[in-house]
Amino acid sequence: MKNKKLRKMILVAILGSIGTVLMQFNFPLPALPGFLKIDFGEIPAVLAVMTMGPVAGIGVELIKNVMHWFFTGSPTGVPVGEMANFVTGLLFILPIYYIFNKFRTTKGLATGLVIGTLAMAIGMSFLNYVIFLPMYTYFLNAPLVTGDAMYTMIVLGILPFNLIKGVMLMVVTLLLFNSMKKWISQQRSELAS
């Protein structure tokens, strides 16, 4: 029992560290706001939820974002970007877990990825409107973005960004899943609580 818990903790720490490294290789998309950057740091969290469950995935997301903030800092002094990334990750990985847990097939994973992408895109559009963009402007002491400017930023920037990010994560995850299917299944059976 203790050995299994220790193994899970080590695996979560390793996946969180890999997520941190992947988060460093971020890049903006042309024609979208420059502060929105694509990274593949969610992939280790997806592997964690597929092999160990939602608590492990949340742990990977937390480790990844805390380490990223520790290494890179924040222009606001407060880790607003890391908080937003953490919530983005949760909105993406939790639907994947619940659907993949029922249907442990490529089709089940693909369905979870599609629903995770939609949850991430819609959820982050709303949360950026009510929480994260106002936090950025407050902590940066910048003029508040409201009205049409806010609507345009969300509809033409944040929503398409998260949809594109979700599709890119979906492609990479499905490619990894097809090559790691046996390992994922083995880890699920060995680490089942």
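Preceding this section is the structure that the text describes.
Sequence order sets the numbering: in each chain, residues are counted from 1 along the sequence as written. At least 70 in pLDDT is required for a residue's local features to be given in this predicted model, at least 80 for side-chain atom pairs to be given and counted, and no such filter applies to totals for whole chains, interfaces and linings, which use all residues. Side-chain measures were taken over the full set of non-hydrogen atoms in the model, leaving aside hydrogen atoms and water.

Visitor: Now, about helix α3 (residues 54-72): what can you tell me, with residues and values included?
Guide: Over its 19 residues, α3 runs 27 Å from end to end, which matches the ideal 27 Å to within 8%, given 1.5 Å per residue. Buried within α3 are the following residues: P54, A56, G57, G59, V60, E61, K64, N65 and H68. Note on conventions: DSSP H or I runs of at least 4 residues are helices, E runs of at least 2 residues are strands, and numbering of each starts at the N terminus. Of the residues one or two after α3, G73 is the one with positive phi, at around 75 degrees. Each helix should span, by expectation, one fewer than its residue count multiplied by 1.5 Å. Burial classification: accessible surface area is computed with a 1.4 Å probe over protein chains only, and a residue below 20% of its type maximum counts as buried, one above 50% as exposed, and the rest as partly exposed.

Visitor: I'd like to hear about the side chain of S125, residue by residue, with values.
Guide: By the element assignment, S125 lies in helix α5 (residues 106-139). By definition, residues are in contact when any of their heavy atoms lie within 4.5 Å. Not counting chain neighbours up to four residues away, the residues in contact with S125 comprise I154, I158 and L159.

Visitor: Please give an account of the environment of G57 that cites residues and values.
Guide: You can see G57 is positioned in helix α3. Given a relative accessible area of 0%, G57 falls into the buried group. Sequence separation of G57 and I93 is 36 residues, and the distance between their C-alpha atoms is 7.2 Å. G57 has contacts with A45, A48, V49 and I93, leaving out every residue within four places of it along the chain.

Visitor: Mind laying out the nonpolar core, listing which residues take part and the relevant values?
Guide: In this description, a nonpolar core means a group of buried Ala, Val, Leu, Ile, Met, Phe, Trp, Tyr and Cys residues linked to one another through side-chain atoms lying within 4.5 Å. Membership of the largest hydrophobic core comes to 28 residues, with the highest contact counts inside it found for M50, M52, F92, I93, I96, L109 and L113. Taken together, the elements giving at least two residues each to this core come down to α1 (2-24), α2 (42-51), α3, α4 (80-102), α5 and α6 (147-191). Filtering out sequence-adjacent residues up to four positions away, I96 remains in contact with V46, V49, N101, L109, G112 and L113. One finds I38, L133, I158 and F161 within the second-largest nonpolar core, a separate group that totals nine residues.

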